[in-house]
Amino acid sequence: GALAATTGAGAGAQALAVPRDSGPSAATVAAAPVAAAAAPPLVLPAMGIGAWAWGDSLFWKYDAKFDFELEELFEYYASQPDAFLDTAELYGLGRSEMLIGDFERRSGKRVKVASKFAALPWKTRREDVVQACEASLRRMGRSSMELYQIHFPNAWANEAYWDGLGDCYERGLVQAVGVSNYGADAVEAVSTSLGRRGIPLYSNQIQYSLLYPFANSNGLKRKCDQLGVKVLAYSPIGLGLLSGKYSAEQLPEGPRAELAKAFFNGQPETAAGLVDAVAKTAEKHGATPSQVAINWCVAKGTTPIPGARNLRQLKDNLGALSWRLDAADVARLDAASAAVQPLAKANPFPAKDVGSGLRMFDS
């Protein structure tokens, strides 16, 4: 099961529309070159920052009056080596992308950016992907971005989306392409499809944390590693539930409250064991619980992208990069994490492509 049907993709997927921008005609897309452009390989840092909360009022209670805190965060982060932000057209219905563009222009600083195509049911053509990519670039005031991803699987048209990703790459709109929330079979299928055009599948962005470790047991992480597909780990702090801030008596607000209840109240012994393992590891290293959770994702060979809404949270996340877990730490955390049961039973994404029968989503 997924942590919630309202994960980074799930919450946005409930929205009915994204602000529309005019895009290229179908004829223009069809005229894209056949051979992949010789783009330099993308190199991402050990950790990025997720910008889901930048504009999302449904899940994260975004309020524009606090944009100054986001800009302060951006100014500091953009001054660090190799800053990387992950956003999506669904985050705040384009607001997240616009904020990044505004902050880049005002600061004069550029960061590496990844965005995502919303695979909504009425989007069925390869040119829908190209048009959405160009609309995202316009919102950010850019001519290209470093990474463009399919945000989640659809019940149909998935192969058309892969063709659209390839078109974006060949037109030089993106340096690399990836997917998100794809299962093992779907990752292999899209990698094969793009490979026919000489285009590598760079990444699969999945929910992955001590609270949601299921990619380790269902074969997804192993398949990505076999294919050379980088795993980007979203919600690496378990939607904040592993930050040390929450407990059975102190629950978060909004949709996360039900997930917190399912964890702290629904499986109290398991929750206590995991929270204790994280706390003891944090004490050992003079670190915070969030830094331990992030470092576990790094130890597993993924690139975590924790969220941050202010400079304090950003600095805490960045503090995870100055130290590493040892083998004993990882073993202790693995054991505590293995006992966690899924917090939600609903599958937020289509399990199969109705046309091909391809299994799209594993967890």
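Residues numbered from 1 in each chain as written. Predicted model: local features only at pLDDT ≥ 70, side-chain atom pairs only at ≥ 80, totals over all residues. Heavy atoms only, no water.

## Description of the packing of aromatic side chains
How two aromatic rings sit relative to each other is given by the distance of their centres and the angle of their planes. For clarity, the threshold we go by: Between the rings of Phe, Tyr and Trp (Trp by its six-membered ring), a pair exists once the centres lie within 6.5 Å; its type follows the angle of the planes, with under 30 degrees stacked, over 60 edge-to-face, and the other angles tilted. Burial here depends on accessible area, computed with a 1.4 Å probe over protein chains only, as a share of the maximum for the residue type. Under 20% is buried, over 50% is exposed, and the range in between is partly exposed.
Counted under the stated rule, the structure contains twelve aromatic pairs. Geometrically, the ring pair formed by Y212 and F214 is edge-to-face, given 4.9 Å between the ring centres and 85° between the ring planes. Assessed through its relative accessible area of 17%, F214 is described here as buried. Following the ring pairs from residue to residue traces out a cluster consisting of W52, F59, W60 and Y91.

## Let's talk about the sheet that holds strand β3 (residues 112-117)
Note the following rule: Strand pairing requires that DSSP identify at least two bridges connecting the strands. Secondary structure elements are defined from DSSP: runs of H or I of at least 4 residues count as helices, runs of E of at least 2 residues count as strands, and each element is numbered from the N terminus. The contact criterion used throughout is that any non-hydrogen atoms of two residues lie within 4.5 Å. Simply put, an axis is a line fit to the C-alpha atoms, just over the touching stretch for a helix, and the angle between two N-to-C directions goes from 0 to 180 degrees.
Here eight strands make up an open sheet; going across it, the order is β1-β2-β3-β4-β5-β6-β7-β8 and the pairing parallel. Each having just a single partner strand, β1 (49-50) and β8 (303-305) make up the two edges of the open sheet. As defined by bridge partners, strand β6 (residues 201-207) adjoins strand β7 (residues 230-234) across five bridges and the pair is classed as parallel. Counted as the bridge partner of Q205 is L232 from β7. Along the sheet, helix α6 (residues 126-140) makes contact with β3, β4 (145-150) and β5 (174-180), crossing β4 at roughly 135°.

## Here's the deal with the pattern of salt bridges
Just so we agree on the cut-off: By salt bridge we mean one thing: a side-chain nitrogen of Lys or Arg within 4 Å of a carboxyl oxygen of Asp or Glu.
Summed over all chains, the structure comprises 25 salt bridges. Here E146 and R142 are joined by a salt bridge, their closest N and O atoms 3.3 Å apart. In terms of burial, E146 and R142 fall into one category: buried. Two residues, K284 and D329, come together in a salt bridge whose shortest N-O distance is 2.9 Å. Note that K284 is positioned in helix α11 (residues 268-285) and D329 in helix α14 (residues 327-338), a separation of 45 residues in sequence. One continuous salt-bridge network, built from bridges that share partners, spans R126, D167, E170 and R197.

## Things to note about the packing of helix α7 (residues 158-170) against helix α8 (residues 184-195)
The relative placement of two packed helices comes down to the angle between their axes together with the axis-to-axis distance. In plain terms, the rule: For classification, angles of less than 35 degrees are called roughly parallel, those exceeding 145 degrees roughly antiparallel, those between 65 and 115 degrees roughly perpendicular, and all remaining angles oblique. Whether a crossing is left-handed or right-handed is set by the direction in which the near helix is turned from the far one by less than a right angle, anticlockwise for left-handed and clockwise for right-handed. Throughout this entry, Asp, Glu, Lys and Arg are counted as charged residues, while Ala, Val, Leu, Ile, Met, Phe, Trp, Tyr, Cys and Pro are counted as nonpolar. The remaining residues, Gly among them, count as polar.
Contact geometry of α7 with α8 gives a least axis separation of 10 Å together with a crossing angle of 45°. When the axes of α7 and α8 are compared, the pair comes out oblique. The two elements α7 and α8 cross, and the hand of that crossing is right-handed. Between α7, through W162, D163 and G166, and α8, the contact on the second element is made entirely by A186, A189, V190, S193 and L194. Across the contact of α7 with α8, the residue classes break down as five nonpolar, two polar and one charged.

## A short note on the environment of T281
You can see T281 is positioned in helix α11. Here T281 falls in the buried class, since its relative accessible area comes to 0%. Separated by ten residues in the primary sequence, T281 and Q291 place their C-alpha atoms 9.9 Å from one another. Once residues within four sequence positions are removed from consideration, T281 is found in contact with V292, L325, D329, R332 and L333.

## Regarding the nonpolar core
Short version of the rule: Here, nonpolar core refers to any group of buried Ala, Val, Leu, Ile, Met, Phe, Trp, Tyr and Cys residues whose side-chain atoms link them within 4.5 Å.
Ranked by size, the top nonpolar core spans 112 residues in total, and within it W54, Y77, Y148, V174, Y182 and L274 carry the most contacts. Examining the composition of this core, we find that six residues originate from one element, α6, more than from any other. When residues no more than four places from it in sequence are discounted, the contact partners of L274 are L210, L211, L242, F263, A336, S337 and V340.

On their own, these measurements won't tell you what the molecule is for.
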